[in-house]
Amino acid sequence: MSAAQAVALLLACCALCLGAANATLIHADKTPYSVCSTPYVVTSIPLSVTGVTTPTHQGLWFSFTGTGAKVIAHTCDPQTDFDTVIEVHSLCDNDDTTAHGSHVARNNNYRDSTGSFSCSGYESLVRFQTRRGATYLVLVTGFNATATGVFKLYIDQPENYECSAPTWVDSYKTVVDGNTSLATPSLGNCQKGLRQGLWYQMKTRYSYMYELSTCFEHITNFPTVVELYKSCGICVPPPCDEMGGQECTGIVDDKSCAPMSHLSFVEQKEDQIYFIFVTGVDHASGNFRLAIHERLPSASSSDVQVLSSSSVVRVLSSSSVAQPPSSSSLAQLSSSSGAQLPSSSSRAQPLSSSSEEHQLSSSSAVCACGHCDAGRARFIFSCSEPQTD
């Protein structure tokens, strides 16, 4: 073992001593897992495990049972210190060491959809579709007989790498973090070609305004693209690769926080389903934070306008922080429309500055029973009739 490999092994052991999450160390010389017929049995996914191969035992075997979901297995981690190869098989051959039965997947030096190395250049990554109840055997070995050392193996079932399996998000207020680096390349007719990204799904309400943003400069670390679709592509006949999004909405980034993304729109249909694709400019990838915010649409030219008979009031303010309606305005509205408005004793009070509410940069205040958004301030109204979300 080289000095560098010894240091890598020592660091892996230190991680175990410090109680790192999901930390497991498997040494090929000290376990039976270097043989296909006696693999390390994976009881739950996701899995994160550290392995050590040697010139005597040049590979380690892992097995798990398929659930019908797609699986990703990779060695993309700084702990991996040699040129790895990942092979996936469905059974072992009689000699138990070579030509290991039915081939499912294999990779050496993983490249993304652009042909570029996605990791350091020598790690491996495979994606494959599993069948429920079927056994899968994963071998991690080296590119040649001299390629041995420490590796970190991850096995996972990604939830939102494809348009057909998105993560559901609340359109009223959602903040989600993600990483697109290992995502399955997807198609989508907003742009041409395969692109790596993550998929989300949301439902909107008629006449409400929606804002989607990755404008978090200390978290989003690559130039993003956010695309909105009304449906996913259909695979005919199956099986086939990820079909991505169909029916591109054409809603585009307003470039207000480039190279991150910001787009907004007013919904024209009740209960519209959207598929959100977060990807990168020119195949860029990395970490991002996506915020989704729902609010009532912008007011008309009236300073104060009643939007419903009893529960919604809209106030325009010349400053970035809204003020509650004046007593004269409230009296005028009450006499002209019959609207039930907050009494002077229940005027809006701003929430504390520690509120985690995602705020919009706007000069208008949008007020309703229960809440009032106004620039970077937020007010609470009491109402005789509750607002229904």
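As shown above, the structure is provided for reference.
Now for a quick tour of the structure. Note that the structure is a prediction, hence the values are computed from the model and not measured.

### Quick look at the nonpolar core
Okay, so step 1: Tyr-200, Met-202, Leu-212, Ile-276 and Leu-290 are the most contacted members of the largest nonpolar core, which has 27 residues in total.
Okay, so step 2: Secondary structure elements with two or more residues in this core: strand E14 (195-204), strand E15 (209-213), strand E16 (224-232), strand E18 (262-266), strand E19 (272-280) and strand E20 (287-295).
Okay, so step 3: Counting 25 residues, the second largest nonpolar core, distinct from the first, contains Phe-64, Val-126, Ala-134 and Ala-147.

### Digging into the state of the cysteines
Okay, so step 1: By the definition in use, this model includes four disulfides.
Okay, so step 2: With a sulfur-sulfur separation of 1.7 Å, Cys-36 is cross-linked through a disulfide to Cys-92. Sign of the S-S torsion, about -85° for the bond between Cys-36 and Cys-92, identifies this disulfide as left-handed. Taken as a pair, Cys-36 in the loop between strand E1 (25-27) and strand E2 (40-41) and Cys-92 in the loop between strand E6 (84-89) and strand E7 (103-108) lie far apart in primary sequence, 56 residues in all.
Okay, so step 3: Classification of Cys-92 as partly exposed rests on a relative accessible area of 26%.
Okay, so step 4: Through a disulfide, Cys-190 is tied to Cys-248; the S-S separation comes to 1.9 Å. Between Cys-190 and Cys-248, the S-S dihedral sits near 100°, and the bridge is therefore right-handed. With Cys-190 in the loop between strand E13 (185-186) and E14 and Cys-248 in strand E17 (residues 245-248), this residue pair connects regions lying 58 residues apart in the sequence.
Okay, so step 5: Accessibility expressed as a relative area gives 30% for Cys-248, which makes it partly exposed.

The rules behind these values
- Residues numbered from 1 in each chain as written.
- Predicted model: local features only at pLDDT ≥ 70, side-chain atom pairs only at ≥ 80, totals over all residues.
- Heavy atoms only, no water.
- Core = buried A, V, L, I, M, F, W, Y, C linked by side-chain atoms within 4.5 Å.
- Buried < 20%, exposed > 50% of the residue type's maximum accessible area, 1.4 Å probe, protein only.
- Helix = DSSP H or I, 4+ residues; strand = E, 2+ residues; numbered from the N terminus.
- Disulfide = S-S within 2.5 Å.

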